[in-house]
Amino acid sequence: MKIQRDSLWVGLFLCISVAANAQNVAGSGKDSYHVRFDFGSGKVEKGFLPVTPVTLYSKVLGYGFLPEASVQAVSRGGKDALKSDFCTSDNPFFFTVDVPEGNYDVQVTLGDSEGESLTTVKAECRRLMIEKVQTQAGRFVTQTFTVNVRNRRIADTSEVKLKPRELSYLHWDNQLTLEFGNTLPKVCALEITRNKEGATVFLAGNSTVVDQDREPWAAWGQMIPAFFKSGRIAIANHAESGESASSFIKERRLEKILSLMKVGDYLFIEFAHNDQKQTGPNIGPFTSYKKDLKYFVSETRKRGGSPVLVTSMHRRNFDSTGHIVNTLGDYPEAMRQVAREENVPLIDLNAMSKTLYEAWGPEKSLKAFVHYPAGSFPGQEKELKDNTHFSTYGAYEIAKCIVVGIKAAKLAIAQYLKENIPAFDPAKPDAVETWSLPLSPLVQVIKPDGN
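Since we're looking at a predicted model, the values are computed, not measured. (Residues numbered from 1 in each chain as written. Predicted model: local features only at pLDDT ≥ 70, side-chain atom pairs only at ≥ 80, totals over all residues. Heavy atoms only, no water.)

Student: When you look at the overall build of the protein in this model, what are you seeing that I'm missing?
Tutor: When its secondary structure is counted, the protein shows seven helices and 21 strands. Relative to the 2.2 N^0.38 estimate, which gives 22 Å for 451 residues, the radius of gyration of the protein is 23 Å and therefore close to what a compact globule would have. In terms of overall dimensions, the protein has C-alpha extents of about 70 × 50 × 40 Å along its principal axes. In the protein, once contacts between residues fewer than 6 apart in sequence are set aside, the share between residues at least 24 apart is 76%. (Helix = DSSP H or I, 4+ residues; strand = E, 2+ residues; numbered from the N terminus. Rg over C-alpha atoms; globule rule 2.2 N^0.38 Å. Contact = heavy atoms within 4.5 Å.)

Printed below as a string of structure tokens:
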């Protein structure tokens with residue numbers, strides 16, 4: 001397909017002028033960041049930076065498609081420069097932009113003047129931002145969502161102690177990365193603006209919370225952003241696989257959160273799965289675990305933030321009668337005690353997950369966890385049988401439980417939940433047969449830390 005503006009000398013000129021233009025549009029300071037992109041091969045809207053299939057990311061340019069993307073540009077002609085053309089692909093594709101650490105409102109225009117479109121947008125490591133946006137021919141939709149971007153630096157004096165695998169994650173850099181997918185993704189325009197007004201909801205936890213970077217694993221923390229309105233709330237998921245409350249502190253992950261926290265922010269705290277594996281003097285649910293949780297609470301309050309305790313969900317472990325067997329010992333009860341003693345809001349995910357799992361039953365619950373026969377994914381030679389970590393469906397249903405908990409606890413952020421969210425009852429989960437989420441292209445068959 002011939003792309004306008006792509007002769008050699010024009011391309012060279014654009015590389016130079018676009019880089020300069022990016023600096024001008026973005027502003028000179030991190031608090032004034034604002035940049036706009038016009039996707040496609042046709043005319044470019046004034047004040048927007050052009051993005052064509054050959055706009056590949058480089059440090060010099062500061063934005064572009066990741067090299068693996070197989071993107072096509074379509075131009076329909078017409079006077080509206082933004083809506084007369086778009087970029088699309090038969091496979092999910094990534095677009096990334098260098099930005100300073102912070103929260104950003106992202107406005108995306110989707111659609112096609114001559115055909116239908118169906119687009120799902122994820123950010124960073126598969127954070128679900130907007131689901132299945134469908135447009136008919138000649139119709140366009142503009143939606144906005146808020147994304148948190150972070151790096152590992154702590155106040156320019158120290159760093160989070162990352163695990164080696166985290167070095168390749170898309171959420172520990174100064175880049176905002178978007179994944180466009182589904183059966184007919186058609187991206188016309190993109191606008192990114194620094195958000196300094198909204199509250200940040202920080203998440204501290206383990207593999208059941210983390211933004212899992214590869215299919216088929218998923219966690220509730222990467223699903224919850226899709227339930228909030230744009231502009232008022234940004235989800236900053238600092239959870240990581242294998243973490244306990246104590247290791248989260250030792251690796252400076254809590255310190256990183258506290259360095260960014262401002263008055264009005266929240267910290268959701270969910271640990272237990274890895275804490276119960278720890279041994280030694282004075283190690284246990286009512287000793288070390290409670291002490292660590294109280295430290296999270298007190299340090300959050302010192303910064304003017306609001307702590308929220310989340311009891312860990314059960315593992316998928318049924319007895320012969322179809323009831324869930326508690327494998328977490330006294331850890332959920334220890335967290336409930338801390339909530340009472342410190343007057344902290346509690347989301348009892350442990351109780352809700354028991355109801356949810358038993359509503360599914362032993363067989364249907366397999367669909368909510370990573371249970372797949374050999375050959376389901378590239379490089380997967382053995383069957384996957386994981387009763388701790390969720391499929392995307394299971395993670396989504398757990399996120400719905402979190403929403404129920406936010407409302408039940410009467411948290412102030414409940415007012416920023418989307419109005420069109422159907423009421424959810426853990427005793428009546430959504431049917432997996434009618435639920436879908438397009439897979440991301442990145443896959444791994446190695447189980448995350450934690451079990």
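From this point, the narrative continues.
Student: I'm lost on the packing of helix α6 (residues 349–364) against helix α7 (residues 392–408) in this one. Help?
Tutor: Axes are the key here: two packed helices are described by the angle between their axes and the distance separating the axes. Two numbers describe how α6 lies on α7: the axes approach to 10 Å, and their chain directions differ by 135°. When the axis of α6 is compared with that of α7, the two are oblique. Relative to α7, the crossing made by α6 is right-handed. Across the interface between the two elements, L349, M352, L356, Y357 and W360 from α6 touch Y393, E397, I398, C401, I402, V404 and G405 from α7. Residues that form the contact of α6 with α7 fall into these classes: 10 nonpolar, one polar and one charged. (Axes fitted to C-alpha atoms, helices over the stretch in contact; angles between N-to-C directions. Parallel < 35°, antiparallel > 145°, perpendicular 65-115°, else oblique. Left-handed = near helix turned anticlockwise from the far one by under 90°. Nonpolar A, V, L, I, M, F, W, Y, C, P; charged D, E, K, R; others polar.)

Student: Quick question: what am I supposed to make of the pattern of salt bridges here?
Tutor: Pairing of side chains with opposite charge becomes possible as their charged atoms draw close. Counted under the stated rule, the structure contains 28 salt bridges. Here D112 and K186 are joined by a salt bridge, their closest N and O atoms 2.8 Å apart. With D112 in strand β7 (residues 102–112) and K186 in strand β14 (residues 186–195), this pair connects stretches of sequence that are 74 residues apart. A residue is classified by how much of its surface remains accessible, and D112, at 0% relative accessible area, is buried. K186 gets classed as buried once you look at its relative accessible area, which sits at 9%. Across the salt bridge formed by E166 and R253, the nearest N and O atoms sit 2.7 Å from each other. In this pair, E166 sits in the loop between β12 (158–159) and β13 (175–184) while R253 sits in helix α3 (residues 253–260), placing the two residues 87 residues apart along the sequence. This pair shows no difference in class: E166 is buried, exactly as R253 is. Three or more residues are tied together by salt bridges with common partners; here these are K163, E166, E243, E251 and R253. (Salt bridge = Lys/Arg side-chain N within 4 Å of Asp/Glu carboxyl O. Buried < 20%, exposed > 50% of the residue type's maximum accessible area, 1.4 Å probe, protein only.)

Student: What is the right way to look at the environment of K196 in this model?
Tutor: Mapped onto the fold, K196 is located in the loop between β14 and β15 (199–205). The class of K196 is partly exposed, set by a relative accessible area of 48%. Separated by 91 residues in sequence, K196 and D105 have C-alpha atoms that sit 9.7 Å apart.

Student: Please clarify how helix α4 (residues 285–302) should be interpreted in this entry.
Tutor: Owing to its 3.6 residues per turn, the α-helix aligns residues three or four sequence positions apart on the same side. Between its terminal C-alpha atoms α4 stretches 24 Å, which fits the 26 Å expected from 18 residues at 1.5 Å a residue. Within α4 the residues assigned to the buried category are P285, S288, Y289, K290, D292, L293, F296, V297, E299 and T300. Here the buried face of α4 lies against β15, α2 (245–250), α3, β17 (266–270), β18 (306–310) and α5 (331–342). Of the residues flanking the end of α4, it is G304, one or two places downstream, whose phi is positive at about 80°. (Expected span 1.5 Å × (residues − 1).)

Student: Honestly, the nonpolar core in this entry has me stumped. Any pointers?
Tutor: Side chains of a nonpolar character, in soluble globular proteins, are inclined to be buried together. With 49 residues, the main nonpolar core has W220, F268, Y357 and I413 as its most contacted residues. Broken down by secondary-structure element, the contributors of at least two residues to this core are β15, β16 (233–237), β17, β18, α6 and α7. Among the elements that take part in this core, α7 stands out by supplying nine residues, more than any other. Discounting residues that sit within four places of it in the chain, F268 has contacts with V201, F202, L203, A204, W220, V308, V310, I347, I402, I406, L411 and I413. Of all hydrophobic cores here, the second largest spans 33 residues; its members include L61, V121, V133 and V149. (Core = buried A, V, L, I, M, F, W, Y, C linked by side-chain atoms within 4.5 Å.)

Student: Please clarify how the UniProt feature "domain: SGNH hydrolase-type esterase" (unreviewed entry) in the protein should be interpreted in this entry.
Tutor: The UniProt feature table records "domain: SGNH hydrolase-type esterase" (unreviewed entry) at residues 207–357. Secondary structure content for residues 207–357 is 35% helix and 11% strand, while the C-alpha to C-alpha distance between its ends is 18 Å. (UniProt positions renumbered as here; feature names shortened; annotations may be inferred.)

Student: Got a minute to help me understand α3 in this structure?
Tutor: Among the residues making up α3, those that are buried are R253, L254, K256, I257 and L258. For α3, the secondary structure elements touched by its buried residues are β11 (153–154), β15, α2, β17 and α4.

Student: Can you walk me through the sheet that holds strand β19 (residues 346–347) in this structure?
Tutor: Spatial ordering of the open sheet is given by β16-β15-β17-β18-β19, a layout of five strands whose pairing is parallel. Edge positions in the open sheet fall to β16 and β19, since each of these has one partner strand only. Contacting β15, β17 and β18, α4 crosses the sheet at an angle of about 155° to β18. Together, β17, β18 and β19 form the strand contacts of α5, whose direction differs from that of β18 by roughly 150°. (Pairing = 2+ DSSP bridges.)

Student: Is there a simple way to think about the environment of K294 in this case?
Tutor: Structurally, K294 can be placed in helix α4. For K294, a relative accessible area of 28% corresponds to the partly exposed category. Taking the C-alpha atoms as reference points, K294 and V344, separated by 50 residues in sequence, lie 9.9 Å from one another. Among all residues touching K294, those that are not within four sequence positions of it are V338, E341 and E342.

Student: What am I meant to see in the packing of aromatic side chains here?
Tutor: Aromatic ring pairs: the centre-centre distance and the angle between the two ring planes describe each pair. Using the criterion set out here, one finds 21 aromatic pairs in the structure. Both rings, one in F248 and one in F271, keep their centres 5.4 Å apart while their planes meet at 65°; by these two values the pair is edge-to-face. Here the residue F248 occupies a position in helix α2, and F271 occupies one in the loop between β17 and α4, the gap between them amounting to 23 residues. Look at F248 and you get buried, because its relative accessible area is 0%. Directly above the aromatic system of W172 lies the positively charged group of R150, at a separation of 4.0 Å from the ring centroid. (Phe/Tyr/Trp six-rings, centres within 6.5 Å; stacked < 30°, edge-to-face > 60°. Lys NZ or Arg CZ within 6 Å of the ring centre and 35° of its normal.)

Student: What's the story with the sheet that holds strand β9 (residues 127–135) in this structure? I'm lost.
Tutor: Paired through their backbone hydrogen bonds, the strands of a sheet run either parallel or antiparallel. The five strands are arranged β3-β6-β13-β8-β9 in an open sheet whose pairing can be described as antiparallel. Here the strands that pair on one side only, and so sit at the sheet edges, are β3 (63–65) and β9. Going across the sheet, the axis of each strand differs from the next one's by a mean of 15°, ignoring polarity. As judged from the three bridges shared by β3 and strand β6 (residues 93–98), these two strands associate in the antiparallel manner. Bridge pairing in β6 places F65 opposite F95.

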